[in-house]
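Residues per chain, in single letters:
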Amino acid sequence: MALIDRIEHLVIIPDGVEAKLSEDGDVTISGENGSQTRNFSHSKLQLLEQGNGLLVRVDLPRRKEKAMAGTWKAHLNNMVKGVTEGFTYRLKAVYSHFPMNLKVESTELVVNNYFGEKVPRRAAFVGDVKVKVVKKTEVVITGHDKEQVGQTAANIERCCTVKKRDRRVFQDGIYLVAKE
């Protein structure tokens, strides 16, 4: 079995984006859409500044360290994309008989008249994402943190789960349509 002596992943930081690396492993990436901070600390992995990017390095990696290096690279790329372009998730409300009414209140989405229920269902927003309802049935979630946008979309999907009915017949709900 051949051993790899070193793995290095380079994450390029584009113009207009600033990356700061602190001694305790916190990385702050700032751009035109805001800034994000995340802790990257591990006993075997190193995060270094190199030229116009950040270098994820691990010496004599085992399988888990190799996987962790790829995960760190993906997180850093998502942070860079978030502060430059941002993330947008689109959801669509689907109903057959009872029309759902969607309304954005301060930190939650309120779904009225789901299957004719009198009590509204609510889905909480995570972090500083922006949610808006377009054309009464489309929900657009935007933000600079991929995890917050994804968790908000999951909360909205989960608030409209079908209970005590056959899901193959009753397909009403709010579903993810596109990730941009």
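Going by the structure above, here's the rest.
All values reported here derive from a predicted model rather than from experimental measurement. (Residues numbered from 1 in each chain as written. Predicted model: local features only at pLDDT ≥ 70, side-chain atom pairs only at ≥ 80, totals over all residues. Heavy atoms only, no water.)

Engineer: Can you tell me about the side chain of T88, naming the residues and giving the values?
Structural biologist: Checked against the element boundaries, T88 lands in strand β7 (residues 87-94). Among the residues examined, T88 registers a relative accessible area of 17% and is labelled buried. Among residues more than four places away in sequence, those in contact with T88 are V140, I141, T142, A178, K179 and E180. (Helix = DSSP H or I, 4+ residues; strand = E, 2+ residues; numbered from the N terminus. Buried < 20%, exposed > 50% of the residue type's maximum accessible area, 1.4 Å probe, protein only. Contact = heavy atoms within 4.5 Å.)

Engineer: Can you break down the sheet that holds strand β4 (residues 34-39) residue by residue, with the values?
Structural biologist: If you trace the three strands from one edge of the open sheet to the other, you get β2-β3-β4, paired in antiparallel fashion. The open sheet has two edge strands with one neighbour each: β2 (18-21) and β4. If you compare each strand with its neighbour and ignore which way they point, the axes differ by 15° on average. Of the pairings in the sheet, the one linking β2 to strand β3 (residues 26-31) comprises four bridges and is antiparallel in character. What sits directly across from L21, in β3, is V27. (Pairing = 2+ DSSP bridges. Axes fitted to C-alpha atoms, helices over the stretch in contact; angles between N-to-C directions.)

Engineer: Give a detailed account of the sheet that holds strand β13 (residues 173-179), specifying residues and quantitative values.
Structural biologist: Strand order across the open sheet formed by four strands is β11-β12-β7-β13, with antiparallel pairing between neighbours. Among the strands making up the open sheet, the edge pair consists of β11 (130-134) and β13. Looking at each pair of strands side by side, their axes are set apart by 25° on average, direction ignored. Note that β11 and strand β12 (residues 138-143) share five bridges and pair antiparallel. The partner of V131 across the bridge, within β12, is I141. Lying on the sheet, helix α2 (residues 146-159) is in contact with β7, β11, β12 and β13; it crosses β7 at an angle near 5°.

Engineer: Now, about the pairing of strand β9 (residues 108-112): what can you tell me, with residues and values included?
Structural biologist: Pairing geometry for strand β8 (residues 101-105) and β9, over five bridges, is antiparallel. By the bridge assignment, K103 is partnered in β9 with V110.

Engineer: A description of the pairing of β3 should follow, citing residues and the corresponding values.
Structural biologist: The hairpin turn running from β2 into β3, its antiparallel successor, is four residues long, and G25 in that turn takes a positive phi close to 100°. Alignment of β3 against β4, held across six bridges, turns out to be antiparallel. If you follow I29 over to β4, its bridge partner there is Q36. Between β3 and β4, which pair antiparallel one after the other, the connecting turn spans two residues.

Engineer: Mind laying out the side chain of E65, listing which residues take part and the relevant values?
Structural biologist: Structurally, the position occupied by E65 is in helix α1 (residues 63-84). Within the buried set, E65 has no salt-bridge partner at all; the shortest N-O distance to an opposite charge, 4.6 Å, is to K44. With residues near it in sequence (within four places) discarded, E65 still touches H42, K44, L45 and V58. (Lys, Arg positive; Asp, Glu negative; His and termini not counted. Salt bridge = Lys/Arg side-chain N within 4 Å of Asp/Glu carboxyl O.)

Engineer: Outline the layout of surface pockets, listing residues and values.
Structural biologist: In this structure, the second largest pocket occupies an estimated 160 Å³ of space. Lining of the second largest pocket is provided by S35, Q36, T37, R38, H75, N78, M79, F87, H144, D145, K146 and E147. Elements supplying a minimum of two residues to the lining of the second largest pocket: β4, α1 and α2. The element contributing the most residues to the lining of the second largest pocket is β4, with four residues. A per-class count over the lining of the second largest pocket returns two nonpolar, six polar and four charged. (1 Å grid on protein atoms, 1.4 Å probe; cavity = no way out; pocket = protein on both sides within 12 Å on 5 of 7 lines; lining within 4 Å. Points joined across faces, edges and corners; volume = space filled by probe spheres on them. Nonpolar A, V, L, I, M, F, W, Y, C, P; charged D, E, K, R; others polar.)

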